[in-house]
Each structure stands twice: as structure tokens, then as C-alpha cells.
Amino acid sequence: MNIRQATGSDAEQLITLIRRVEETASYMMMGPGERQTTVEGQRKQLEQIEEQPNASIFVAEDQGELVAYLFALGGRVERTKHSAYLVIGVHQDYQGRGVGTALFREVEAWAKDSNIKRLDLTAVTENEAGVSLYKKSGFTIEGTKRKTLCINGTYFDEYMMAKIL
């Protein structure tokens, strides 16, 4: 398993992976088939993120295939540039195998080198595996957002979680 920062050449594999994760994961922001990003759009996003000193995308690669991702999206204004919002997705075949933990270790090392002091994420309160991973990685619950997602007619709350570096 290789953990590394994504580049523009990963665009096609990355958008395919994101769509696969959204098709199988219960609590992602977008549902199956909802994402309309093209390969070219993904490539442009990767290139824009590469230019930001407080943003990056990390991927886990197994035998040349992307199997997980972790977006770290840095604040865009002076008062928030010290923080990054995280979004993680792990292909279902690789869940429970330490891939998420490895991605979080890598993003934390990057964040420290990039003068990031705060990492943020949200997690559906019923997402026990995700919340467990985040807590194991040092994140704490700072609050609860009520009815933030509506999935198949059911409303879900989300924890606001953070890790101070």
C-alpha cells in the first residue's frame, strides 16, 4: 500500500474511486450517480489544490489502483488559512484494513509541515465505524449539527469533529 499526494494524472482514477465510494457508502454527502464531475473537472480541481499551500489530496494506492482518498481543503481567507476541512473515502474492499488510519497519519504530518493548526471533519452520528476511526486518529466531537443530511427520506445528524495540532 502506497500513500501519496494526488496529482493531475490521477484525475480519472480518482473520480472513478469517488463514484464507487458514493455508490456503496451509506453516509456520504452525495448519493449514487449524483456527482457530475468530469475527468477534466477533476483534473482542474487537482491542479488548483496543488497550487494552494494549505490544501492537498492524499490517495492510497494498491498495485497501481487508487483505493482511498483524503481531501484536505484549507481555509481560503487569512483568518482560516491555518485550518483544513477533511473528506475521506475508502473503497469498501479496503475498509477495516488500516488504510484510513494511514491516510490520517499522512495528512497530519503534511498539516504540521504546512503550518496547519486545526483539522476539521463531519461524521453522521450513526456512522459508528467512521466515528471510531476519527476518534482513534485523535479527533474529538465539538458539537452536533441536527438534520444536516436527508438520505432516502430519513434525516441524519452530524458530529462536528476536530483535531488541534
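It should be noted that the structure appears before, not after, this text.
Calculation criteria
Residues numbered from 1 in each chain as written. Predicted model: local features only at pLDDT ≥ 70, side-chain atom pairs only at ≥ 80, totals over all residues. Heavy atoms only, no water. Helix = DSSP H or I, 4+ residues; strand = E, 2+ residues; numbered from the N terminus. Rg over C-alpha atoms; globule rule 2.2 N^0.38 Å. Buried < 20%, exposed > 50% of the residue type's maximum accessible area, 1.4 Å probe, protein only. Areas by Shrake-Rupley, 256 points an atom, 1.4 Å probe, with all protein chains shown as cover. Axes fitted to C-alpha atoms, helices over the stretch in contact; angles between N-to-C directions. Parallel < 35°, antiparallel > 145°, perpendicular 65-115°, else oblique. Left-handed = near helix turned anticlockwise from the far one by under 90°. Contact = heavy atoms within 4.5 Å. Nonpolar A, V, L, I, M, F, W, Y, C, P; charged D, E, K, R; others polar.

Draft legend 1. Looking closely at the overall build of the protein chain. From N to C terminus, the protein chain includes 4 helices and 7 strands. Walking the protein chain from its N terminus toward its C terminus, one meets helices and strands in the order β-α-α-β-β-β-α-β-α-β-β. Over its C-alpha atoms the protein chain spans a radius of gyration of 15 Å, differing by no more than 12% from the 15 Å that the globule rule assigns to 165 residues. Here the protein chain holds 165 residues, and the buried ones make up 45% of them. Summed over all atoms, the accessible surface of the protein chain reaches about 9,200 Å², with 45% contributed by carbon and sulfur.

Draft legend 2. Focus on the environment of lysine 112. Positionally, lysine 112 belongs in helix α3 (residues 99-113). Note: C-alpha distance between lysine 112 and leucine 165 (53 residues apart in sequence) is 7.2 Å.

Draft legend 3. Quick look at the packing of α3 against helix α4 (residues 128-136). Interaxial distance between α3 and α4 falls to 10 Å at its minimum, and their mutual angle equals 40°. Classed by the angle they form, the pair α3 and α4 counts as oblique. Where α3 crosses over α4, the two elements pack in a sense that is right-handed. Two secondary-structure elements touch here, α3 through Gly100, Thr101 and Phe104 and α4 through Leu133, Tyr134 and Lys136. For the contact of α3 with α4, the class distribution of residues is 3 nonpolar, 2 polar and 1 charged.

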